[in-house]
Amino acid sequence: AARGGGAAAAPPQAGNRADVPAPGSYPHSRQSKPRQESEEEEVEKRNKKPRTRTEPRTKNRKKSGSSIVTVEDDEAEGTQEKAAAPKHKEIEIQFAQEAAQEAAVATAETLEEFKPSEAVLGFLAGKYLYPLAHKSSKFPRARWFCRLCEYHCDNLAKCREHYLDTRHSRLSRTKEVETTLYHLPRPNKHHLDCLNSLLATVEKEQGLSTSDLNIRQAVAQSVHSLLQEHIQGCTVRLYGSSLSGFGLKSANVNLDLQITADQKPHLALLKALEVLHDSPEYLEVADEFTAKIPTIKFMTTTGLACELSLNNHQAYQTSSLLKDYWSLDPRVRTVGVAFRYWASVVRMDRQAEGTLPPHTFAILLVYFLQQQTKPVLPCIHEYLDPSNE
């Protein structure tokens, strides 16, 4: 009776804890407790707090020092976002009110200058808009300046138009990404091991292996033997990623047809087209003589796509130089293939669509590795004899 706070015979009240089911529990018929329980067991049960629906399960609780995102973290972030939304709406309303007040003051043509509140100043600072400390000689009516776009605004209404502009929004997103990347922590050993494993996998699955390069070299030799019988003094050689090694398994086989000075280029291409078309070793032979660089496209019986061009000596030299860099360090091969694969995934290597030619990415990588504080690659051309072409 003393523990219950009332007489022993008094009926249980509606607010009594013993008769109210735990929040979130299902209603069920009450069973009378055995009176033989000891006082210690009854106190222990009374002090034991039932788990409610609002409480997360034990397995979802975040351990101290752990970086695993749990249900509690998601709920906390969701709560913060929900709380931030009304605040943002409130500051937008306040901003609109102060913009109207500023317009009214300007219409009244009073000497009093309108001063926005600290909340509005902070809101605009988050949009990279700041009040001018001194008037601009070029824009005397301007009172605000966007440090992101280097744009002057006359009043709060113009500020709102500016930060809602597409260009400002795009630059703002770019700035946020740059800031995030700048503040990213340096990778630890585990991150580097995972990245090395990923790059090695990409090189193995997407890059040209030694056997792939040998197969492409065999194709060039086969075309050379075929055309040499019909075009006197000609040679066929590889160039592009099939020669340099900075290529993908899906890359075309680029072939360069070299002819003598006394032969006419257009007649040589027409003869090569005729010979390849009549050969049973090559399929889907087609010409693209109206392109910027006239080529002949065809397929091998093994499914390799090939392109034959004429007297492409400069491309051959570039590919030969890249091959030398490719052979200097195995890390260059790994990163080069991964970079090339990334460009293919994001469609940055489509020169016909207005982006960059595929060999550009190998050149960019070589230059980047040469410009490091401790260069990974040397500048080979600095060691070459200028008199030796």
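Structure report, in brief. These figures come from a predicted structure and were not determined experimentally.

Topic: the packing of helix α10 (residues 313-328) against helix α12 (residues 359-370)
Between two packed helices, both the angle of their axes relative to each other and the distance between the axes serve to describe the pair.
Part 1 of the argument: Close contact between α10 and α12 brings their axes to 11 Å; oriented N to C, the two are set at 45°. Put simply, α10 runs oblique to α12. Considering only the axes of α10 and α12, their crossing is left-handed. Between α10 and α12, the contacting residues are Thr 318, Leu 322 and Tyr 325 on the first element and His 359, Ala 362, Ile 363, Val 366 and Gln 370 on the second.
Part 2 of the argument: For the contact of α10 with α12, the residue count by class is five nonpolar, three polar and no charged.

Observations concerning a nonpolar patch on the surface
Part 1 of the argument: A cluster of nonpolar residues, Trp 342, Val 345, Val 346, Met 348, Leu 356 and Leu 364, forms a patch on the protein surface that exposes about 500 Å² of accessible area.
Part 2 of the argument: Along the chain, the position of Leu 356 falls in the loop between α11 (330-345) and α12.

Structural notes on the layout of surface pockets
Part 1 of the argument: Taken as a whole, the second largest pocket holds about 1,300 Å³ of empty space.
Part 2 of the argument: Looking at the second largest pocket, it is lined by 36 residues, and the ones nearest its centre are Asn 254, Glu 307, Gln 351, Pro 357 and Pro 358.
Part 3 of the argument: At the level of secondary structure, the elements contributing two or more residues to the lining of the second largest pocket comprise α8 (241-244), β7 (295-300), α10, α11 and α12.
Part 4 of the argument: No other element matches the five residues that α10 contributes to the lining of the second largest pocket.
Part 5 of the argument: Looking at the lining of the second largest pocket residue by residue, the class counts come to 13 nonpolar, 15 polar and eight charged.

Regarding the packing of helix α3 (residues 118-125) against helix α4 (residues 156-163)
Part 1 of the argument: Between α3 and α4, whose axes approach to 12 Å, the crossing angle comes to 30°. Judged on the interaxial angle alone, α4 and α3 are roughly parallel. Two packed elements cross with a definite hand, and for α3 against α4 that hand is left-handed. Seen from α3, the contacting residues are Val 120, Phe 123 and Leu 124; seen from α4, they are Leu 156, Cys 159 and Tyr 163.
Part 2 of the argument: By residue class, the composition of the contact of α3 with α4 is six nonpolar, no polar and no charged.

Notes on the pairing of strand β5 (residues 253-258)
Part 1 of the argument: In terms of residue burial, β5 counts as a mostly covered element, since six of its six residues are buried.
Part 2 of the argument: Neither face of β5 is left uncovered, since the one carrying Val 253, Leu 255 and Leu 257 and the one carrying Asn 254, Asp 256 and Gln 258 both have all their residues buried.

Some details on the environment of Ile 293
Part 1 of the argument: Structurally, Ile 293 is set in the loop between β6 (282-288) and β7.
Part 2 of the argument: Accessibility expressed as a relative area gives 48% for Ile 293, which makes it partly exposed.
Part 3 of the argument: Between the C-alpha atom of Ile 293 and that of Leu 310, which follows or precedes it by 17 residues, the distance is 8.4 Å.
Part 4 of the argument: Contact partners of Ile 293, with chain neighbours within four places excluded, come to Glu 288 and Ser 309.

Overview of the packing of aromatic side chains
Part 1 of the argument: In this structure the tally under the stated criterion is six aromatic pairs.
Part 2 of the argument: Judged by centre distance (5.7 Å) and plane angle (80°), the ring pair of Phe 123 and Tyr 163 falls under edge-to-face. With Phe 123 in helix α3 and Tyr 163 in helix α4, this residue pair connects regions lying 40 residues apart in the sequence. Neither residue differs from the other here; Phe 123 and Tyr 163 are each classed as buried.
Part 3 of the argument: Ring-pair connections join several aromatic residues into one group, and the members of that group are Phe 95, Phe 123 and Tyr 163.

What to know about the pattern of salt bridges
Pairing between side chains becomes possible if they bear opposite charge and their charged atoms approach one another.
Part 1 of the argument: One pass over the structure, following the stated rule, counts 12 salt bridges.
Part 2 of the argument: Taking the shortest distance from any N to any O, the salt bridge between Glu 288 and Lys 297 comes out at 3.3 Å.
Part 3 of the argument: Classification of Glu 288 as partly exposed rests on a relative accessible area of 34%.
Part 4 of the argument: A residue is classified by how much of its surface remains accessible, and Lys 297, at 29% relative accessible area, is partly exposed.
Part 5 of the argument: By sharing partners, the salt bridges in this structure join Glu 102, Glu 113 and Arg 143 into a single network.

A look at unusual backbone geometry
Part 1 of the argument: Despite not being glycine, Tyr 128 has its phi angle at roughly 70°, a positive value.
Part 2 of the argument: Looking at where Tyr 128 falls in the secondary structure, it is placed in the loop between α3 and β1 (129-131).
Part 3 of the argument: Phi at Arg 347 is positive, roughly 60°, even though this residue is not glycine.
Part 4 of the argument: Summarising the element assignment, Arg 347 is placed in the loop between α11 and α12.

Some remarks on the sheet that holds strand β2 (residues 144-146)
Part 1 of the argument: Strand order in the open sheet formed by three strands is β1-β2-β3, with antiparallel pairing between adjacent strands. Both edges of this open sheet fall to β1 and β3 (151-153), since each of them pairs with a single strand only. Ignoring which end each strand starts from, the neighbouring axes of this sheet average 30° apart.
Part 2 of the argument: Bridge count for β1 against β2 is three bridges, and the pairing is antiparallel. Paired with Tyr 130 across the two strands is Phe 145, which belongs to β2.

What counts and how
Residues numbered from 1 in each chain as written. Predicted model: local features only at pLDDT ≥ 70, side-chain atom pairs only at ≥ 80, totals over all residues. Heavy atoms only, no water. Axes fitted to C-alpha atoms, helices over the stretch in contact; angles between N-to-C directions. Helix = DSSP H or I, 4+ residues; strand = E, 2+ residues; numbered from the N terminus. Parallel < 35°, antiparallel > 145°, perpendicular 65-115°, else oblique. Left-handed = near helix turned anticlockwise from the far one by under 90°. Contact = heavy atoms within 4.5 Å. Nonpolar A, V, L, I, M, F, W, Y, C, P; charged D, E, K, R; others polar. Patch = residues over 30% accessible without salt bridge, like charges linked within 9 Å, V, L, I, M, F, W, Y side chains within 5 Å. Areas by Shrake-Rupley, 256 points an atom, 1.4 Å probe, with all protein chains shown as cover. Salt bridge = Lys/Arg side-chain N within 4 Å of Asp/Glu carboxyl O. 1 Å grid on protein atoms, 1.4 Å probe; cavity = no way out; pocket = protein on both sides within 12 Å on 5 of 7 lines; lining within 4 Å. Points joined across faces, edges and corners; volume = space filled by probe spheres on them. Buried < 20%, exposed > 50% of the residue type's maximum accessible area, 1.4 Å probe, protein only. Phe/Tyr/Trp six-rings, centres within 6.5 Å; stacked < 30°, edge-to-face > 60°. Pairing = 2+ DSSP bridges.

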